[in-house]
Amino acid sequence: MGRGMRNKYVFAAALLLMVFLGGAGITWLSVDREAKSNENGFTVITSFYPMYIAAKNIIGDAQVELMNLSEPKTGCMHDYQLTTEDMKKLSAADVFIVNGGGIENFLADVAKQLPKLKIIYACENIELLDENAHVWMSVSDYGKQVREITAGLVKADRKHAREYKKNGDRYLGALEDLNRRKEKVAALAKGKKPVLFHEAFAYLARDLKMEVCASMDLDEERQVSAGEVKNIVQKVRDKQASMILAEKLYGQEMSEAVQRETGVDVLYLDTCVRGDYDADSYLDAMSDNLKKIESLCK
């Protein structure tokens, strides 16, 4: 056999050995990843901030991995685009907790690509206001979301079911205290006529028995025309609006423009979609919202 022929056989043998070892390496890597996944135990992912805070309170100290899909600075999820990294996280999760109602417009893609992933829709069985799904801005509706999430986790993870139930009940108690506070503010705010510059505040205005004069949803992509400003100013005057409820990040410019024309008071409220991941952040933010409204209504 010539030297050239022997070299060809050696090369072929070496190539086969590399393929074999590579395949074994891939198999080992797959097993190793599965082992690491098992070590982590149960994994829960939430879509955005208010869902994360609810889940954090329900999970408590249970040995469960909890992650939030979006950064707390993201805000609402209307225009959120899933990344490859997001899909990797979701593929390794046991449960995905979402608000639902159209807030997360990518849910159809997730359900299609990950049909076995358990998805808990927190606003299930909650009546929306004109297809407005910012239901967490109602303290009582947020309580319903907490119940829905608790029930979903109890069903999906029997190992920690007792802890979920205990923690969920504790958080519901805190929300009920906040709800009683809200009822006291409602006694003062009833009949007040706000202008809303964020659709999330529609739930708060409803709970406080206010009469909304006008509403405009402002965000980073909303371009307001001079005609719209003029129209809002006219409604404030005609309907004798008592205040403007706005989110400072996107509503400050419009609020100040209307305030200059009409002199109406402006309250910058928290939409509860950003924060520092503290378990009490929702309670603190909503309590501060109520405090601001109460001060203006006294």
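Located above this text is the structure these notes cover.
Every value quoted in this text rests on a predicted model; they were computed, and no experiment measured them.

Caption draft 1: Representation of the packing of aromatic side chains within the structure. Taken as a whole and judged by the stated rule, the model has 6 aromatic pairs. Their ring planes at 55° and their centres at 4.6 Å tell us that tyrosine 52 and tyrosine 277 sit as a pair that is tilted. Taken together, the residues span a long stretch of sequence, with tyrosine 52 in helix H2 (residues 49-59) and tyrosine 277 in the loop between strand S8 (265-268) and helix H10 (281-297) at a distance of 225 residues. The class for tyrosine 52 is buried, based on a relative accessible area of 12%. Using a relative accessible area of 23% as the deciding quantity, one classes tyrosine 277 as partly exposed.

Caption draft 2: Representation of the pattern of salt bridges in the model. Summed over the entire model, instances satisfying the criterion amount to 13 salt bridges. A salt bridge links aspartate 141 to arginine 206; the nearest nitrogen and oxygen atoms lie 3.2 Å apart. Remark: arginine 206 occurs in helix H7 (residues 201-207) and aspartate 141 occurs in helix H5 (residues 139-156); sequence separation between them is 65 residues. Notably, a salt bridge pairs aspartate 177 with arginine 180, separated by 2.3 Å at the nearest N-O pair. Taken together, the residues span about one helical turn, with aspartate 177 and arginine 180 both in helix H6 (residues 161-189) at a distance of 3 residues.

Caption draft 3: Main features of the side chain of serine 281. Within the fold, serine 281 resides in helix H10. Leave out the neighbours within four places in its chain, and serine 281 touches Tyr49, Ile53 and Asp276.

Caption draft 4: View of the side chain of glutamate 294. As for its placement among the helices and strands, glutamate 294 is situated in helix H10. Within the structure, glutamate 294 has its side chain in polar contact with the side chain of arginine 181 (distance 3.5 Å). If we ignore the near neighbours within four places in the chain, the residues touching glutamate 294 are Arg181, Val185 and Leu188.

Caption draft 5: Examining a negative patch on the surface more closely. Residues Asp276, Asp278, Asp280 and Asp284 make up a contiguous surface patch of negative charge. Relative to the elements of secondary structure, aspartate 278 occurs in the loop between S8 and H10. Looking at aspartate 278, the relative accessible area reads 36%, which means it is partly exposed.

Caption draft 6: Molecular detail of the nonpolar core. Within the largest apolar cluster, 77 residues are counted, with the highest numbers of intra-cluster contacts made by Phe96, Leu153, Tyr282 and Ile293. In terms of residue count, the dominant contributor to this core is H6 (9 residues). With residues near it in sequence (within four places) discarded, leucine 153 still touches Val44, Ile58, Ile59, Val95, Ile97, Ile120 and Tyr164. Listed in part, the 16 residues of the second largest apolar core include Phe197, Met216, Met254 and Val258.

Caption draft 7: The sheet that holds strand S3 (residues 95-98), seen in detail. Sheet architecture is open: 4 strands sit in the order S2-S1-S3-S4, paired in parallel fashion. The strands lining the two open edges of the sheet, one partner per strand, are strand S2 (64-68) and strand S4 (118-121). When the angles between neighbouring strand axes are averaged without regard to direction, this sheet yields 20°. As judged from the 3 bridges shared by strand S1 (residues 42-46) and S3, these two strands associate in the parallel manner. Within S3, the position partnered with threonine 46 by the bridge is isoleucine 97. Where H5 meets the sheet, its contacts fall on S1, S3 and S4, and the angle it forms with S4 comes to roughly 160°.

Cut-off values and rules
- Residue numbers restart at each chain and count upward from 1, following the sequence in its written direction.
- Since the coordinates come from a predicted model, pLDDT governs what is reported: local features require at least 70, and pairs of side-chain atoms require 80 or more to be given and counted, while whole-chain, interface and lining totals use all residues.
- The basis for every side-chain value is the complete set of heavy atoms in the structure, and neither hydrogens nor water enter the calculation.
- Aromatic pairs are defined between Phe, Tyr and Trp rings, using the six-membered ring for Trp, whenever the two ring centres lie within 6.5 Å; interplanar angles under 30 degrees are classed as stacked, those over 60 as edge-to-face, and all others as tilted.
- Helix and strand definitions here come from DSSP, where helices need a minimum of 4 consecutive H or I residues and strands a minimum of 2 consecutive E residues; each element is numbered from the N-terminal end.
- The buried label applies to any residue whose accessible area, calculated with a 1.4 Å probe on protein chains only, is under 20% of its type's maximum; exposed applies above 50%, and partly exposed to all values in between.
- Salt bridge, as applied in this entry: a Lys or Arg side-chain nitrogen positioned within 4 Å of an Asp or Glu carboxyl oxygen.
- By definition, residues are in contact when any of their heavy atoms lie within 4.5 Å.
- For this analysis, a polar contact is any N or O atom pair within 3.5 Å, provided that within protein one partner can donate a hydrogen and the other can accept it, and provided that sequence-adjacent residues contribute only side-chain to side-chain pairs.
- Two joining distances apply to patches: 9 Å for like charges and 5 Å for nonpolar side chains (Val, Leu, Ile, Met, Phe, Trp, Tyr), and every residue must have over 30% relative accessible area and no salt bridge.
- The Shrake-Rupley method, run with a 1.4 Å probe sphere, supplies the accessible areas, and residue values consider only the shown protein chains as cover.
- Charge assignment: positive for Lys and Arg, negative for Asp and Glu; neither His nor the chain ends contribute.
- Each charge is placed at NZ for Lys, CZ for Arg, CG for Asp and CD for Glu.
- Buried Ala, Val, Leu, Ile, Met, Phe, Trp, Tyr and Cys residues form a nonpolar core when they are joined through side-chain atoms within 4.5 Å.
- In this analysis, strands are considered paired if DSSP registers two or more bridges between them.
- Comment: axis = line fitted to C-alpha atoms, over the contacting stretch for helices; angle = value between 0 and 180 degrees taken between N-to-C directions.

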